[in-house]
Amino acid sequence: MTKVVAFTNKKGGVGKTTTAINMAGYCTSFGSRVLIIDMDSQGNASTGLGLSKSSLKKSVNAVLSEGDKASNNIVKTDYKGLDIMPANVDLSGAEVSLVYKRDRESLLRKALEEVKDDYDFVFIDCPPSLGILTMNAWVASDSIIIPIQCEYYAMEGVSQLMNTVQLVQKHLNPDLFIEGVVLTMYDGRALISKQIATELRKFFKEKLYEIIIPRNIRLAEAPSYGMPIIAYDPKCVGARAYKALTEEFLSKQK
């Protein structure tokens, strides 16, 4: 049965795209079929897997705004078992165009019915906001993974995020749940990283993944080459962390 997971946080630069891409890469290496849906108009998940946004004719915007089929807008990547529904600049206007559509929060969920059984996992890379695109992702999803950066401002916005999740559970998707919380960009030498990790463990308890993603230059470099870390440098410390995180994620699916 297909599991749909939204990678979300209202704060930008916390590792949502990096986590979605790299967990997808390791899931496929373990034999799973994965579809990534790029719901961010910046299109970082698309470029992070080697696609050129300027030349893209297929996009998630065509599905949401124009009513095109999901199957017409899926692109195969260079990595076996990993496909993507990409984003381009057209998605930036979707927040406005979707306002007037009927059942606007459910457009992605309905579109995915056509294709999701072709995959073991659908990973949705959400924009850094709590707007209509994120709502579509949450309504279409079974669960949410929240990457949180180990810095001072990490806790800001967490309460609002959790309140919004509860509203979506109450009114739009009662089955939605928090899959887990991932600590990213951890610097073991910095006291603040340790303090933030301690506070988040108190707040999220068993929802916090044991595996922590460290700061790692190779993780930062990989997207510029259009590669997940498993292809760019599978031996680096960041790759080992994402492999272990994916194993922890998969073990909980059983």
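See the structure shown above.
Rules and cut-offs
Once a new chain begins, its residue numbering starts again from 1 and follows that chain's sequence as written. A pLDDT threshold of at least 70 governs which residues receive local features in this predicted model, and a stricter bar of 80 or more applies before side-chain atom pairs are shown or counted, although totals over entire chains, interfaces and linings include all residues. Side-chain numbers here rest on the full set of heavy atoms in the structure, without hydrogens or water. Counting from the N terminus, the helices are the DSSP runs of H or I reaching at least four residues and the strands are the DSSP runs of E reaching at least two. Here the term buried applies to any residue with accessible area under 20% of the maximum for its type, exposed to any over 50%, and partly exposed to those in between, with areas from a 1.4 Å probe on protein chains only. Contacts are assigned to residue pairs that have any heavy atoms within 4.5 Å of one another. Accessible areas in this description were obtained via Shrake-Rupley with a 1.4 Å probe; residue shielding takes into account the shown protein chains only. The charge count treats Lys and Arg as positive and Asp and Glu as negative. His and the chain ends do not count. Positions of charges follow a simple convention, taking NZ of Lys, CZ of Arg, CG of Asp or CD of Glu. Aromatic rings from Phe, Tyr and Trp, with only the six-membered ring used for Trp, were paired whenever their centres fell within 6.5 Å, and each pair was classed as stacked if the ring planes differed by under 30 degrees, edge-to-face if by over 60, and tilted otherwise. Here a strand pair is declared whenever DSSP counts at least two bridges between the two strands. Classification remark: right-handed applies to a crossover when, strands pointing away from the viewer, the course from the first strand over the helix to the second runs clockwise. Two joining distances apply to patches: 9 Å for like charges and 5 Å for nonpolar side chains (Val, Leu, Ile, Met, Phe, Trp, Tyr), and every residue must have over 30% relative accessible area and no salt bridge. Counted as salt bridges are all cases of a side-chain nitrogen of Lys or Arg within 4 Å of a carboxyl oxygen of Asp or Glu. Take the residue count of a helix, subtract one, and multiply by 1.5 Å to get its expected span. Here the arc refers to the set of directions running from the helix axis out to each C-beta atom.

Novice: Looking at this structure, I do not really get the overall build of the chain. What am I missing?
Specialist: If you tally the helices and strands in the chain, you get 11 helices and seven strands. For the C-alpha atoms alone, the extent of the chain along its principal axes is close to 50 × 40 × 35 Å. Burial analysis of the chain (254 residues in total) assigns 54% to the buried set. Pairs at least 24 residues apart make up 78% of the contacts formed inside the chain by residues separated by at least 6 positions. Accessible surface computed for the chain: about 11,700 Å², of which carbon and sulfur atoms make up 51%. Separation of charge centres in the chain, based on 31 positive and 29 negative side chains, amounts to 3 Å.

Novice: Is there a simple way to explain the packing of aromatic side chains in this structure?
Specialist: If you walk through the whole model with that rule in mind, you get six aromatic pairs. With a centroid separation of 5.0 Å and 70° between ring planes, the pair formed by F7 and F123 is classed as edge-to-face. Of the two residues, F7 is situated in strand 1 (residues 3-7) and F123 in strand 5 (residues 121-125); the sequence distance between them amounts to 116 residues. Both residues of the pair, F7 and F123, belong to the buried class. An angle of 25° between the planes, with centres 5.1 Å apart, marks the rings of Y225 and Y232 as stacked. The exposure class of Y232 is buried, given its relative accessible area of 17%. Here the aromatic residues F7, F121, F123 and F249 are joined through ring pairs into a cluster of three or more.

Novice: I tried to follow the pairing of strand 6 (residues 143-149) on my own but got confused; where do I start?
Specialist: On a regular strand, one side chain projects to one face of the sheet and the next to the other, so that they alternate. Summarising burial for strand 6: seven of the seven residues are buried, a large majority. Burial of the side chains of strand 6 extends over both faces: S143, I145, P147 and Q149 are buried on one face and I144, I146 and I148 on the other. In this sheet, strand 6 lies alongside strand 1 in parallel orientation, the contact comprising three bridges. Paired with A6 across the two strands is I144, which belongs to strand 6. What joins strand 6 to strand 7 (residues 177-184) is helix 7 (residues 158-171), and the crossover it makes is right-handed.

Novice: Can you walk me through unusual backbone geometry in this structure?
Specialist: Even without being a glycine, M185 presents a positive backbone phi close to 55°. Examined against the element boundaries, M185 turns out to sit in the loop between strand 7 and helix 8 (191-204). Residue classification places M185 among the partly exposed residues on the basis of a relative accessible area of 22%. Of note, the phi angle at K205 is positive, near 55°, even though the residue is not glycine.

Novice: Before we go on, may I ask you to explain the environment of R109 in this structure?
Specialist: As for its placement among the helices and strands, R109 is situated in helix 5 (residues 107-112). Once residues within four sequence positions are removed from consideration, R109 is found in contact with V139, A140 and L172.

Novice: Help me understand a nonpolar patch on the surface, please; the structure alone is not making it clear to me.
Specialist: Residues V96, V99 and Y100 make up a contiguous nonpolar surface patch of roughly 360 Å² in combined accessible area. Its place among the elements puts Y100 in the loop between helix 4 (94-97) and helix 5. You can call Y100 exposed: its relative accessible area is 72%.

Novice: Explanation requested: helix 8 in the structure shown.
Specialist: Think of an α-helix as 3.6 residues a turn; residues three or four steps apart then line up on the same face. The end-to-end C-alpha distance of helix 8, which contains 14 residues, comes to 20 Å, matching closely the 20 Å that a straight helix rising 1.5 Å per residue would cover. Turning to helix 8, its buried residues number three or more, namely S193, I196, A197, L200 and F204. All buried residues of helix 8 lie within an arc of 100° about the axis, which places them on one face of the element. Exposed residues on helix 8 whose side chains face more than 90 degrees from its buried face are L191 and K202. Summarising the contacts, the buried residues of helix 8 are in contact with strand 6, helix 7 and strand 7. At the exit of helix 8 stands K205, carrying a positive phi of roughly 55°.

Novice: Is there a simple way to explain the environment of L208 in this structure?
Specialist: Mapped onto the elements of the fold, L208 is located in the loop between helix 8 and helix 9 (217-221). Residue classification places L208 among the buried residues on the basis of a relative accessible area of 2%. Considered as a pair, L208 and E113 are 95 residues apart in the sequence and their alpha carbons are 30 Å apart.

Novice: Mind showing me how you'd approach the pattern of salt bridges here?
Specialist: Charged atoms that come close allow side chains of opposite charge to pair. Tallying each qualifying case throughout the model produces 11 salt bridges. The shortest N-O distance in the salt bridge between R104 and E105 comes to 3.9 Å. A salt bridge links R218 to E221, with the shortest nitrogen-to-oxygen separation between them at 2.7 Å. Here E221 and R218 lie together in helix 9, a separation of three residues that amounts to about one turn. With relative accessibility at 28%, the residue R218 sits in the partly exposed group. A single network of salt bridges, built from pairs that share partners, joins R218, E221 and D233.

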